[in-house]
Amino acid sequence: MTSAAVRFDLPEPDAFTRPYWDAAAEGRLLLRRCRACGRAHHYPREFCPRCWSEDVDWETASGDATLYTWSVVHRNDLPPFGARVPYVAAVVELAEGPRMMTEVVECEESALAVGMALRVAFRREEGAEAVAVFRPGD
């Protein structure tokens, strides 16, 4: 019997984050929004990181973002990243306000620019959760 190769790019969903991953499988990006202060946040938490209220709920994000910062990764020995180099590790600012760590795909390095319009897409692999990535917007 062989063991599955260890991967460092797959999430470990739990009961709380399951709605997020289920939505991603459907091609939707979810955020959490605080009903007390009205601010959205990402990554999913059970409380608002701004006002600490626990009165937060899921909402579907527009999927629109702008590029905040990035780094082109040319070497990463952790599986499966080595097969993907070079790739663009990035922070995007979602239209709803929160910033999110992600990857920019389908974009030449020379075309990257702070503030460029991006649109969510999802990396899907057999037997793995769909993961949000971003590509140049329309």
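Chemist: Even after reading the chapter, I still don't get helix α1 (residues 18-25), so can you show me in this structure?
Modeler: Count 3.6 residues to each turn of an α-helix, and residues three or four apart come out pointing the same way. Residues Tyr 20, Trp 21, Ala 23 and Ala 24 constitute the buried set of α1. Each buried residue of α1 lies within a common arc of 160 degrees when the element is viewed along its axis, so the set occupies one face. Summarising the contacts, the buried residues of α1 are in contact with β1 (30-34), β3 (56-60), β6 (99-104), β7 (117-123) and β8 (131-136). Two residues or fewer after α1 comes Gly 27, characterised by a positive phi angle close to 85 degrees.

Chemist: What am I meant to see in a nonpolar patch on the surface here?
Modeler: Residues Val 6, Phe 8 and Leu 78 make up a contiguous nonpolar surface patch of roughly 290 Å² in combined accessible area. Topologically, Val 6 is positioned in the segment before α1.

Chemist: Any chance you could explain the side chain of Arg 84 here in plain terms?
Modeler: Looking at where Arg 84 falls in the secondary structure, it is placed in the loop between β4 (64-73) and β5 (87-94). Taking the relative accessible area as the measure of exposure, Arg 84 reaches 18% and is therefore buried. A distance of 2.7 Å separates a polar atom in the side chain of Arg 84 from a polar atom in the side chain of Asp 9. Polar side-chain contacts of Arg 84 include one of 3.3 Å to the side chain of Glu 125. In this structure, Arg 84 is in contact with Arg 7, Asp 9, Glu 103, Arg 123 and Glu 125, ignoring residues within four places of it in sequence.

Chemist: What exactly am I supposed to notice about the state of the cysteines here?
Modeler: Put plainly, two cysteines are in a disulfide when a covalent bond ties their sulfur atoms together. Summed over the entire model, instances satisfying the criterion amount to zero disulfides. Sulfur of Cys 37: no disulfide; nearest cysteine sulfur belongs to Cys 48 and is 3.7 Å away. With relative accessibility at 36%, the residue Cys 37 sits in the partly exposed group. For the unlinked cysteine Cys 51, the closest cysteine sulfur is that of Cys 34, found at 3.6 Å. Accessibility expressed as a relative area gives 34% for Cys 51, which makes it partly exposed.

Parameters at a glance
Residues numbered from 1 in each chain as written. Predicted model: local features only at pLDDT ≥ 70, side-chain atom pairs only at ≥ 80, totals over all residues. Heavy atoms only, no water. Buried < 20%, exposed > 50% of the residue type's maximum accessible area, 1.4 Å probe, protein only. Helix = DSSP H or I, 4+ residues; strand = E, 2+ residues; numbered from the N terminus. Arc of directions from axis to C-beta. Contact = heavy atoms within 4.5 Å. Patch = residues over 30% accessible without salt bridge, like charges linked within 9 Å, V, L, I, M, F, W, Y side chains within 5 Å. Areas by Shrake-Rupley, 256 points an atom, 1.4 Å probe, with all protein chains shown as cover. Salt bridge = Lys/Arg side-chain N within 4 Å of Asp/Glu carboxyl O. Polar contact = N/O pair within 3.5 Å; in protein donor to acceptor, adjacent residues only side chain to side chain. Disulfide = S-S within 2.5 Å.

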